[in-house]
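In case you want the letters, here they are:
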Amino acid sequence: MRSAVVLVFFFQFQAVAQHQERTVLVYNIAFGGLTSGVGALINKPKNTRWTKVFLKGCWQGSVAGVLNYSSKKTLYLINKNQNGLYGWPAKILHAASYSIMENAALNEPFLQNWTFDLGPARFDFSFHGKKPFKARLLPESVYAIFMGFSYGKIDLSTSLNTGQLLFSTTHSLTIPNTPKASGVTFGRVSIYQKNDVSYHKYRIIAHELVHQFQYGEYLIFNTWLKPCEKKIKSQSLKSIFSKYVYCEIPYFFLPYYINGVYNGQHYYKNFYEFEADRFATNRYVIK
């Protein structure tokens, strides 16, 4: 009898875990498809059918969503193998995903233009030579680096291993309007408690890198503002943002805080925290 009860609970647990996995997969596909589809409509060329443009943006963005899901899924290998080097394949997959989304939202040819971030810089290039290579500053990331130094010290070796900026501290983090935590992410910069007794270093790092990816993918909303560029009359201002500075608006923080900030056993009621821990641990997350 006891064995039967254990088996029932095991299969129920497996079913719920699989449901959570489907949830994060569907979310990433839907996010990529819808944001790219709407962006394609906003940036639609004249005399082009809106249905054709929207559907094209949707299917390309959905492909990107699958890659986005795969990039976050890869971050679990950091925790599983206790090795930060798995951050690089995850980063490359995520960059490819975002590039496809951005191309789709801007009605650019599929797989033509690519973008890649490294520290406080964004690099844009094209394998077809259609657009010039660009290296632009990410201003919000400069602020995030400042915050990193405010709460810890840079972990150079782990940053090089993962390809993402990471800072470490020896005590739990208390940030205004945020519950006490073992790790905190400011856009493209994360700080983690390296001697936490409850969570292993690499689990915290994987969790925080998911947040960095979440932050980066929300910049797709910049494509929705593309028509606003035409209303800027200053040529010098246009030149600055075209050549030297990328307008990095931290959209992600708005939906994050709308989701709610919870303590204790309700911490993962926030969807973005749930997604981060689901990918970091590859296990059932109690919400």
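This section reports on the structure supplied with the text.

Section: the pattern of salt bridges
Considering all chains together, one arrives at 12 salt bridges under this definition. Across the pair Glu 248 and Arg 188 runs a salt bridge, and its minimum N-O distance is 2.9 Å. Of the two residues, Glu 248 is situated in the loop between helix 8 (235-243) and helix 9 (253-258) and Arg 188 in the loop between strand 6 (183-186) and strand 7 (189-193); the sequence distance between them amounts to 60 residues. Accessibility expressed as a relative area gives 9% for Arg 188, which makes it buried. The partner of Asp 277 in a salt bridge is Arg 283, and the shortest N-O contact between them spans 3.3 Å. The partly exposed category is assigned to Arg 283, whose relative accessible area is 34%.

Focus on the sheet that holds strand 4 (residues 153-154)
Read across the sheet, 4 strands follow the order 4-5-7-6 without closing on themselves; strand pairing throughout is mixed. Both edges of this open sheet fall to strand 4 and strand 6, since each of them pairs with a single strand only. Judged from the 2 bridges that link them, strand 4 and strand 5 (residues 165-169) form a sheet pairing that is antiparallel. Counted as the bridge partner of Ile 154 is Phe 167 from strand 5. Against the sheet, helix 5 (residues 139-151) makes contact with strand 4, strand 5, strand 6 and strand 7, and its axis sits at roughly 20 degrees relative to strand 7, the strand it touches most. Across the sheet, helix 7 (residues 201-217) touches strand 5, strand 6 and strand 7, and the angle it forms with strand 7 is around 160 degrees.

What counts and what doesn't
- Residues numbered from 1 in each chain as written.
- Predicted model: local features only at pLDDT ≥ 70, side-chain atom pairs only at ≥ 80, totals over all residues.
- Heavy atoms only, no water.
- Salt bridge = Lys/Arg side-chain N within 4 Å of Asp/Glu carboxyl O.
- Helix = DSSP H or I, 4+ residues; strand = E, 2+ residues; numbered from the N terminus.
- Buried < 20%, exposed > 50% of the residue type's maximum accessible area, 1.4 Å probe, protein only.
- Pairing = 2+ DSSP bridges.
- Contact = heavy atoms within 4.5 Å.
- Axes fitted to C-alpha atoms, helices over the stretch in contact; angles between N-to-C directions.

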